[in-house]
Amino acid sequence: MARTLNKAKRPPVLSAGPLYVLPSFAILMLIAVVPILYTAYLSFTSYDIFSSPQWVGSKNYTRLIGDGDFRTAIFNTIVFTAITVPLQTIIPMILADHLARSEHKRLSNFVRSTLFVPVVASLVLVGTVWQYMLASNGGTFNELFVALGLPTINFLGDRTNALIAVSLVSVWKHIGYFLVIYYAGVQEIPRERYEAATVDGANRVQQFLYITVPGLRPITFLVVILGTIWSFQVFDLVYAMTGGGPAGGTTTIVIAIFEQGFQTMQMGYASAIAMVLFVLVVLISIFQQRIYKRIDA
């Protein structure tokens with residue numbers, strides 16, 4: 001009885017788990033949450049770095065509504081996303097299925113390694129190299145067209161061509177990354193399913209559509225989420241290739257933030273654009289999650 005009372009009076013021992021998590025949580029708060037909250041505060045101010053922020057309420061957001069350049073940046077970002085996300089989702093999936101089931105393992109490993117090289121390359125370096133290759137005068141592709149007797153193409157000097165060009169370069173840059181993810185996913189699909197489908201007379205296309213694609217559904221969701229977020233945050237590649245031009249034809253939301261914040265020194269207005277981008281990414285992520293749950297149900 002006495003032992004029972006002593007145990008009841010003994011103070012509870014705190015778990016050491018939260019103490020281990022605390023440093024990481026503090027770092028996360030410092031480098032992620034605090035900047036977001038401070039940006040949200042600056043979005044309601046007039047701030048130019050050199051003077052103290054002046055509270056202006058919703059003036060910056062009201063200005064966004066009538067800003068044609070901001071609407072252009074949103075349109076360009078949406079078009080960029082609409083081009084890159086489907087291509088860098090479908091192409092790596094097809095390649096991963098083919099390479100994983102290929103009998104030539106050395107060739108498969110070589111292709112995967114080769115396609116992964118652009119992933120580890122600097123975005124600025126990639127943008128600079130492709131800018132030279134796509135140049136109107138002296139560019140690699142146009143020089144090839146001239147040699148073949150074909151008309152040259154103004155890849156980066158035309159608004160439409162420039163946006164398509166930077167989108168395709170972005171796809172080329174990220175294919176290797178998503179290929180590795182899909183390749184690992186295909187390896188996890190039981191081989192017995194393909195063998196049974198072959199016995200039943202299913203061809204490679206049918207096996208891909210009815211076995212590989214459903215088996216890679218969780219990975220596809222991850223790829224789409226990552227691709228969408230990266231596309232909305234694109235900056236380095238586009239800035240290195242076109243600087244947002246010609247005539248704003250490739251200006252994305254992040255480039256608009258850079259121009260307003262560091263070229264015109266309107267940090268308050270740039271913060272408002274950044275908060276709009278933050279809300280857009282969160283809403284798109286939530287929407288994609290709900291779509292995935294509905295399809296997976």
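What counts and what doesn't
- Residues numbered from 1 in each chain as written.
- Predicted model: local features only at pLDDT ≥ 70, side-chain atom pairs only at ≥ 80, totals over all residues.
- Heavy atoms only, no water.
- Helix = DSSP H or I, 4+ residues; strand = E, 2+ residues; numbered from the N terminus.
- Rg over C-alpha atoms; globule rule 2.2 N^0.38 Å.
- Buried < 20%, exposed > 50% of the residue type's maximum accessible area, 1.4 Å probe, protein only.
- Contact = heavy atoms within 4.5 Å.
- Patch = residues over 30% accessible without salt bridge, like charges linked within 9 Å, V, L, I, M, F, W, Y side chains within 5 Å.
- Areas by Shrake-Rupley, 256 points an atom, 1.4 Å probe, with all protein chains shown as cover.
- Salt bridge = Lys/Arg side-chain N within 4 Å of Asp/Glu carboxyl O.
- Polar contact = N/O pair within 3.5 Å; in protein donor to acceptor, adjacent residues only side chain to side chain.
- Phe/Tyr/Trp six-rings, centres within 6.5 Å; stacked < 30°, edge-to-face > 60°.
- Core = buried A, V, L, I, M, F, W, Y, C linked by side-chain atoms within 4.5 Å.
- Expected span 1.5 Å × (residues − 1).

J.: I tried to follow the overall build of the chain on my own but got confused; where do I start?
T.: A tally of helices and strands in the chain yields 14 helices and 2 strands. The C-alpha atoms of the chain give 25 Å as radius of gyration, which overshoots the globular expectation for 297 residues (19 Å, by more than 25%). The buried share of the chain, reckoned over its 297 residues, is 36%. Long-range pairs, those at least 24 residues apart, make up 68% of the contacts in the chain with a sequence separation of at least 6.

J.: I'm lost on a nonpolar patch on the surface in this one. Help?
T.: Together, Tyr20, Val21, Leu22, Phe25, Met29 and Val34 make up a nonpolar patch on the protein surface, roughly 620 Å² of accessible area in all. On the secondary structure map, Tyr20 appears in helix H2 (residues 17-42).

J.: Please clarify how the side chain of Gln288 should be interpreted in this entry.
T.: Of note, Gln288 is situated in helix H14 (residues 267-296). Polar side-chain contacts of Gln288 include one of 3.0 Å to the side chain of Thr228.

J.: When you look at the packing of aromatic side chains in this model, what are you seeing that I'm missing?
T.: To describe a pair of aromatic rings, one takes the distance between the centres and the angle between the planes. By the definition in use, this model includes 16 aromatic pairs. Their ring planes at 35 degrees and their centres at 6.0 Å tell us that Tyr38 and Tyr41 sit as a pair that is tilted. Of this pair, Tyr38 and Tyr41 both sit in helix H2, 3 residues apart, which is roughly one turn of the helix. A relative accessible area of 44% means that Tyr38 is categorised as partly exposed.

J.: For this particular structure, what's the right way to read the nonpolar core?
T.: Considering soluble globular proteins, one finds that nonpolar side chains tend to be buried as a cluster. Judged by nonpolar contacts, the single largest core of 29 residues is most densely connected at Leu134, Val169, Met241, Ile273 and Leu277. For this core, the element with the most residues is H14, which contributes 6 residues. When near neighbours in sequence (up to four residues on either side) are disregarded, Leu277 contacts Phe232, Ile253, Val254 and Ile257. Counting residues in each nonpolar core, the second largest holds 18 residues, with Ala96, Leu179, Ile181 and Tyr182 among its members.

J.: Just to check I follow, could you spell out helix H11 (residues 217-232) for this structure?
T.: Residues three or four positions apart in an α-helix share a direction because the helix packs 3.6 residues into each turn. The end-to-end C-alpha distance of H11 is 23 Å, a good match for the 22 Å that 16 residues give at a rise of 1.5 Å each. Regarding H11, the residues found buried are Ile219, Thr220, Val223, Ile225, Gly227, Thr228, Ser231 and Phe232.

J.: Any chance you could explain the environment of Pro151 here in plain terms?
T.: Position of Pro151 among the secondary structure elements: in the loop between helix H7 (140-147) and helix H8 (159-188). When the C-alpha positions of Pro151 and Ile31 are compared, they lie 51 Å apart, and in sequence the two are 120 residues distant.

J.: Just to check I follow, could you spell out the side chain of Thr250 for this structure?
T.: Within the secondary structure layout, Thr250 lies in the loop between helix H12 (236-241) and helix H13 (253-263). The contact partners of Thr250, leaving out residues within four places of it in the chain, are Asn76, Ala162, Leu163, Val166, Val238, Thr242, Gly244, Gly245 and Ile255.

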